[in-house]
Amino acid sequence: MDITWTPIQKQRLKELNASPVCQEKRFASANERDFSFQDLERQLVAKGRQHLTEFQNNSKRPLLSKLEQRLIEALNLRGFVQVMTPTIISKGSLAKMSVDDQHPLFSQVFWLDSKRCLRPMLAPNLYTLWKDLLRLWKPPIRLFEIGTCYRKESQGGLHLNEFTMLNITELGLPLNERQQRLEEMAALVMSVAGIDEYQLEVTSSVVYGDTLDVIKGIELGSSAMGPHVLDKKWGITVPWVGIGFGLERLLMVKEEAQNVQSMGRSLSYLDGVRLNI
């Protein structure tokens, strides 16, 4: 007889960040399985308690906060200016990104009323800043933002309704340097996050069309470049590149976590550790 974990046991092991190998174990009997579960749960709980003790005494800051700081420092050193824009945006701003009531992303938006929503992406606000800063600063203009975005994502181990995005942009660079700049931006972020051996793959986005994505098992980042069909709506006429990363996904891969929820803003997890232990 080939017996696996019960659904409840498997969910508990995933919450406690058991390795994929542990989660796929097979047993000869239910008694053997249940005994193994109790032993493994005890080990994982002890490991989690130890991590929380070290967090209280030494770390004192969540992994997400530390990653944000490292990214800010690295980008500032390379000439990128940090901006902070509103979380609430207008329906008109989304429409300029082609996200109208016929768009696939429209149903995932958290609407506050008929004209305002919680931003599902950072791009609309960055487009707005680009237009003004192109009048005030000489190109190239290098900007980045780290901020919370909101989408009614399908539930699962890879999606969050509230997640942290990093968008890095450069305007006014030569057309023939765009691909190289995107690869350099991706390499910088992955280095700061401590992730190597990733891939760059061309795929399709519901907003930007063809994009260059950063992949390591899962999608970690996605890029775009202009001139782009959306640019005219914002009055942008210069070449640009931009790349965005989900910080919780970066941490999930780096820490070998079993779900992205453990890396995000949470009342159930602290620094990747499930609190019901």
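Preceding this paragraph is the structure being described.
Since the model is a prediction, treat every value here as computed from it, not as a measurement.

Parameters and conventions
Residues numbered from 1 in each chain as written. Predicted model: local features only at pLDDT ≥ 70, side-chain atom pairs only at ≥ 80, totals over all residues. Heavy atoms only, no water. Salt bridge = Lys/Arg side-chain N within 4 Å of Asp/Glu carboxyl O. Helix = DSSP H or I, 4+ residues; strand = E, 2+ residues; numbered from the N terminus. Buried < 20%, exposed > 50% of the residue type's maximum accessible area, 1.4 Å probe, protein only. Expected span 1.5 Å × (residues − 1). Contact = heavy atoms within 4.5 Å. Axes fitted to C-alpha atoms, helices over the stretch in contact; angles between N-to-C directions. Parallel < 35°, antiparallel > 145°, perpendicular 65-115°, else oblique. Left-handed = near helix turned anticlockwise from the far one by under 90°. Nonpolar A, V, L, I, M, F, W, Y, C, P; charged D, E, K, R; others polar. Patch = residues over 30% accessible without salt bridge, like charges linked within 9 Å, V, L, I, M, F, W, Y side chains within 5 Å. Areas by Shrake-Rupley, 256 points an atom, 1.4 Å probe, with all protein chains shown as cover. Phe/Tyr/Trp six-rings, centres within 6.5 Å; stacked < 30°, edge-to-face > 60°. Lys NZ or Arg CZ within 6 Å of the ring centre and 35° of its normal.

(A) Main features of the pattern of salt bridges. Applying the stated rule across the entire model yields 14 salt bridges. Across the pair Glu 24 and Lys 10 runs a salt bridge whose closest N-O atoms are separated by 3.1 Å. You can see Glu 24 sitting in the loop between helix 2 (20–23) and helix 3 (30–59) and its partner Lys 10 sitting in helix 1 (residues 7–15), a full 14 residues away along the chain. Between Arg 142 and Glu 170 there is a salt bridge, with its nearest N and O atoms 3.2 Å apart. Placement of Arg 142 in strand 4 (residues 141–150) and of Glu 170 in strand 5 (residues 162–171) is noted, with a sequence separation of 28 residues between them. Residue class for Arg 142 comes out partly exposed when judged on its relative accessible area of 25%.

(B) Structural detail: helix 6 (residues 123–136). For helix 6, with 14 residues, the first-to-last C-alpha span of 20 Å sits near the 20 Å given by 1.5 Å per residue. Every buried residue belonging to helix 6 is among Ala 123, Pro 124, Asn 125, Leu 126, Tyr 127, Trp 130 and Leu 133, and all of these are buried. Considering only its buried residues, helix 6 is in contact with strand 2 (88–90), helix 5 (91–96), strand 4, strand 5, helix 8 (231–234) and strand 9 (240–246).

(C) The arrangement of the packing of helix 1 against helix 3 in detail. One can describe the packing of helix 1 onto helix 3 by two numbers: an axis separation of 10 Å at closest approach and a directional angle of 20°. As far as their axial angle goes, helix 3 and helix 1 are roughly parallel. In this structure, helix 1 meets helix 3 at a crossing whose hand is left-handed. Touching Gln 9, Arg 12 and Leu 13 of helix 1 are Arg 33, Asp 34, Phe 37, Leu 40, Glu 41, Leu 44 and Val 45, all from helix 3. Grouping the constituent residues of the contact of helix 1 with helix 3 by class yields 5 nonpolar, 1 polar and 4 charged.

(D) Main features of helix 3. An ideal rise of 1.5 Å per residue puts 44 Å on 30 residues; helix 3 measures up with 41 Å between its terminal C-alpha atoms. Along helix 3, the residues classified as buried are Arg 33, Ser 36, Phe 37, Leu 40, Leu 44, Val 45, Gly 48, Leu 52 and Phe 55. Lys 60, located one to two residues past helix 3, shows a positive phi value of around 65°.

(E) Spatial organisation of a nonpolar patch on the surface. Among the surface-exposed residues, Val 81, Leu 136 and Trp 137 lie close enough to one another that they form a single nonpolar patch of about 280 Å² accessible area. Take Trp 137: its relative accessible area is 38%, and that puts it in the partly exposed class.

(F) The arrangement of the packing of aromatic side chains in detail. Enumeration according to the criterion identifies 7 aromatic pairs in this entry. Measuring from centroid to centroid gives 5.1 Å for Phe 106 and Trp 111, while their planes differ by 45°, and the two rings are tilted. Taking the centre distance of 6.2 Å and the plane angle of 75° together, the rings of Tyr 127 and Trp 240 count as edge-to-face. With Tyr 127 in helix 6 and Trp 240 in strand 9, this residue pair connects regions lying 113 residues apart in the sequence. When its relative accessible area of 2% is taken as the criterion, Tyr 127 is described as buried. Aromatic ring contacts, followed pair by pair, group Tyr 127, Trp 130, Trp 234 and Trp 240 into a single cluster. Here Lys 96 stacks its cationic end above the ring of Trp 234, 4.7 Å away from the centre of that ring. Lying across the ring of Phe 110, Lys 152 places its NZ or CZ 5.5 Å from the centre.

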